[in-house]
Amino acid sequence: MNNLTFKILPLLLMVFLISGCYHAKVMTGETASSEVYENKWAASWLGGLIPPEVVNVKKECTNGVAMVETKHSFLNLLVGGLTSGIFTPMTITATCAEASAALDAPTANPNVVSISKNSSEQEFVQAFQQAADQAVKTDEQVYVKF
């Protein structure tokens, strides 16, 4: 092999290695809304061995989460490469869920057992037992709404 090959091969290998983007998507089965929470520079360390902090979107997504997506963009990978993998940021996107008709309107769905937040422990046990019995009887999901 000639001297040019030894110069071009490492360059091509480097371009190939930094061109890919890591991407993972977790879907909960809920219907997605237009509300999206995004952190483009979530800090992870040592090539992802130390992950970023847990994303808590309870305040932003009052109806729960429909999808969470993590990825390493080109810029994230570039920063990771410049720091030799010590700091490896990633983009985290959480898509909020739409309000569920089954949970918002228990009268529209007979598979909802409602209970007051101020109920006694025995009333809680009875509500969950009623929901379990109804689920077995109807072979459908039954929700307990507080």
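Small disclaimer: the values here were computed from a predicted structure and weren't measured.

1. Some words on the packing of aromatic side chains
Applying the stated rule across the entire model yields one aromatic pair. Plain terms: the ring middles of Trp-45 and Phe-87 are 5.0 Å apart, the flat faces sit at 50° to each other, and that makes the pair tilted. Of this pair, Trp-45 sits in the loop between strand 2 (32-42) and strand 3 (65-71) while Phe-87 sits in the loop between helix 2 (74-82) and strand 4 (90-97), and the two are 42 residues apart along the sequence. Since its relative accessible area comes to 22%, Phe-87 is described here as partly exposed.

2. Looking at the sheet that holds strand 3
Spatial ordering of the open sheet is given by 1-3-4-2, a layout of four strands whose pairing is antiparallel. Where the open sheet ends on each side, the last strands, each with one partner, are strand 1 (23-27) and strand 2. Direction aside, neighbouring strands of the sheet carry axes that sit 10° apart on average. Bridging between strand 1 and strand 3 involves five bridges; their strand directions are antiparallel. The residue of strand 3 that forms the bridge with Lys-25 is Glu-69. Its contacts with the sheet put helix 2 on strand 2, strand 3 and strand 4, and the angle it makes with strand 2 is roughly 20°.

3. Overview of the state of the cysteines
If you walk through the whole model with that rule in mind, you get one disulfide. Disulfide pairing is shown between Cys-61 and Cys-96; the S-S distance is 1.9 Å. Taking the sign of the S-S torsion, about -60° here, the bridge from Cys-61 to Cys-96 comes out left-handed. Taken together, the residues Cys-61 in the loop between strand 2 and strand 3 and Cys-96 in strand 4 connect sequence positions 35 residues apart. Like Cys-61, the residue Cys-96 is buried in the burial classification.

4. As for the side chain of Asn-76
Structurally, Asn-76 is set in helix 2. Look at Asn-76 and you get buried, because its relative accessible area is 1%. Within the structure, Asn-76 has its side chain in polar contact with the side chain of Thr-91 (distance 3.1 Å). Asn-76 has contacts with Lys-40, Trp-41, Lys-71, Pro-89, Met-90 and Thr-91, leaving out every residue within four places of it along the chain.

5. Let's talk about the pairing of strand 3
Pairing of strand 3 with strand 4, which is carried by six bridges, proceeds in the antiparallel orientation. The residue bridging Val-65 from the neighbouring strand is Cys-96, located in strand 4.

6. Examining helix 4 (residues 121-138)
Taking 1.5 Å as the rise per residue, helix 4 with 18 residues should run 26 Å; its terminal C-alpha atoms sit 26 Å apart, in good agreement. Residues of helix 4 that are buried make contact with strand 5 (112-114) and strand 6 (143-145).

7. Re the nonpolar core
By size, the foremost hydrophobic cluster in this structure holds six residues: Val-113, Ile-115, Ala-127, Ala-131, Val-142 and Val-144. For Val-144, the contacting residues outside a window of four places in its chain are Val-113, Ile-115, Phe-128 and Ala-131.

8. Some points on unusual backbone geometry
Residues other than glycine seldom take positive phi values, yet Leu-46 does so here, at roughly 55°. Here Leu-46 lies in the loop between strand 2 and strand 3. According to the relative accessible area criterion, Leu-46 is partly exposed, its value standing at 48%. If you check the backbone angles, Asp-139 has positive phi at about 55° while not being a glycine. One can find Asp-139 in the loop between helix 4 and strand 6. Relative accessible area serves as the criterion here: at 69%, Asp-139 is assigned to the exposed category.

Parameters and conventions
Residues numbered from 1 in each chain as written. Predicted model: local features only at pLDDT ≥ 70, side-chain atom pairs only at ≥ 80, totals over all residues. Heavy atoms only, no water. Phe/Tyr/Trp six-rings, centres within 6.5 Å; stacked < 30°, edge-to-face > 60°. Helix = DSSP H or I, 4+ residues; strand = E, 2+ residues; numbered from the N terminus. Buried < 20%, exposed > 50% of the residue type's maximum accessible area, 1.4 Å probe, protein only. Pairing = 2+ DSSP bridges. Axes fitted to C-alpha atoms, helices over the stretch in contact; angles between N-to-C directions. Contact = heavy atoms within 4.5 Å. Disulfide = S-S within 2.5 Å. Polar contact = N/O pair within 3.5 Å; in protein donor to acceptor, adjacent residues only side chain to side chain. Expected span 1.5 Å × (residues − 1). Core = buried A, V, L, I, M, F, W, Y, C linked by side-chain atoms within 4.5 Å.

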